Amino acid sequence: MSNQINRLRGTIDIYGKYADYFTYIVDSCTKTAKLYGYKYFESPVIEPKNLFVSSVGESSDIVKKEFYEFTDKSEREIVLRPEGTASIIRAVIENKIINQEIHPIRVYYMEPMFRYERPQSGRLREFHQFGIECIGTNSYMDDVETLIFAYQIINSLGIKHITLSINNIGNFNSRSKWITALTKYFKKYEKDLTQDSINRINTNPLRILDDKIDGKKDFVKKAPKIDEYLTKEEVQYFENIVNELKRQKIPFVIDSTMVRGLDYYTNFVFEINSTEPKLSAQSTLLGGGRYNNLLAKLGAKDEGCIGFACGIERIIEQIELENITLESNSVAKVIIAPLDSKCNSMALDILIKLRKHNISAICNFNSNKIRNHFNLADKTKCEQVIIIGEKELKNNKVLIKNQKTLKQVEVDAKEIVNFLKGE
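Residues numbered from 1 in each chain as written. Predicted model: local features only at pLDDT ≥ 70, side-chain atom pairs only at ≥ 80, totals over all residues. Heavy atoms only, no water.

Within strand E5 (residues 105-114), eight of the 10 residues are buried, which leaves the element mostly enclosed by the surrounding structure. Taken together, the 10 bridges between E5 and strand E6 (residues 126-135) define a ladder with antiparallel strand orientation. The residue bridging Met110 from the neighbouring strand is Phe130, located in E6. (Buried < 20%, exposed > 50% of the residue type's maximum accessible area, 1.4 Å probe, protein only. Helix = DSSP H or I, 4+ residues; strand = E, 2+ residues; numbered from the N terminus. Pairing = 2+ DSSP bridges.)

Now the structure itself:
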């Protein structure tokens, strides 16, 4: 009988080629975040259940059916963090960062999230999100910059098959009037809706608009639009964003059915979706928007905020579907190849020296066969192989072979760093 223990359903092990994609995406996102002046922020993986009930909404799918929740030994209701924004805002308030930092506060995170839902392509129970929050801003220009930030992340990964959608969902007052109209409208079509949508009529009819099944039906597409209930100020705010995006030549479409799935969103929302047919059921690569009341809802002075998040696993699927080649996925730039156990000490000295000069290098001390060293070089896709034999050891020299040109030259051991940097 086997004693093997397997991973839980809806989780994955990150290794090999998948790990190459994963780290490549995270590094690219982090690099862009720093370019935009954002600082790293990390919140606990466990949070009070009420934090998300209060922020994302009792009628949201997250709260109703996707929590990983438990009661701890002190009888506290705990959940594994299902999304990043509420945790960041809680932390900013609790640590009084909102009163100390220059506004707007710009932070980014890269963390695992947990939602108990049916695992399928692009959707896991443990997944990873890169996200940013711009906290303490009421300028539409920050909305534009945030969207450009999001667009740049996707572009930096070489992803082409996408659409950018934006919408204006108004503030809570405008939206409450819209919700009343939608509730009245959808009650006339109950028999034509799925059970999930019927349940949403009196709790959150907005979710019917972008439901994967009902959202495609003609009568849903003809439902009352938010435009009828927006104030002049809200209309002008959105027009300012639209005009600036056009000026920046950012391609987009206005999708009046897009509402996002979390209650804290207000006014401007956006998504970047895949146009790959295989991801049609789970096409959202990145999504976000403005949330102007969450600080007040969680106990602080009301200030405007905007942010977005992208799912790393779903972006990996997109990269694989588009057959995008990574810029570099080599394990190390250099392989050290000692051809005799007597050469191992010299090999170690060279390893230490190269790493001090930020040149990545590895060595297989378990073999002195040249064939094994070059097999390692091929598998790790290194650029150079440094060969040390008895002759090289005696003369304090090495042979350096370029793996692309196959050119091999003899170099004095003292000049290895200069030679490699010159290459």
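Mapped onto the secondary structure, Asp214 falls in the loop between helix H9 (206-209) and helix H10 (218-221). The class of Asp214 is buried, set by a relative accessible area of 0%. At a separation of 2.6 Å, a polar atom in the side chain of Asp214 contacts the side chain of Lys217. If near-sequence neighbours (up to four positions away) are discounted, Asp214 is found in contact with Asp192, Leu193, Thr194, Ser197, Ile208 and Val220. (Polar contact = N/O pair within 3.5 Å; in protein donor to acceptor, adjacent residues only side chain to side chain. Contact = heavy atoms within 4.5 Å.)

Attention now moves to the sheet that holds strand E8 (residues 253-254). Spatially, the eight strands line up as an open sheet ordered E1-E5-E6-E11-E10-E9-E7-E8, and their pairing is mixed. Both outer strands of the open sheet, strand E1 (39-40) and E8, are each paired with one neighbouring strand and no more. Examined bridge by bridge, strand E9 (residues 266-274) and strand E10 (residues 284-290) share six bridges and lie antiparallel to one another. Looking at the pairing, Val269 lines up with Gly289 of E10.

As summarised here, the arrangement of the five strands in space is E13-E12-E14-E15-E16, forming an open sheet in which the pairing is mixed. The open sheet terminates on both sides in strands that have one partner only, identified here as strand E13 (361-363) and strand E16 (408-412). Geometrically, the sheet is characterised by an average inter-axis angle of 25° between neighbouring strands, direction not taken into account. Its contacts with the sheet put helix H15 (residues 370-380) on strand E12 (334-338), E13, strand E14 (384-388) and strand E15 (397-402), and the angle it makes with E12 is roughly 170°. (Axes fitted to C-alpha atoms, helices over the stretch in contact; angles between N-to-C directions.)

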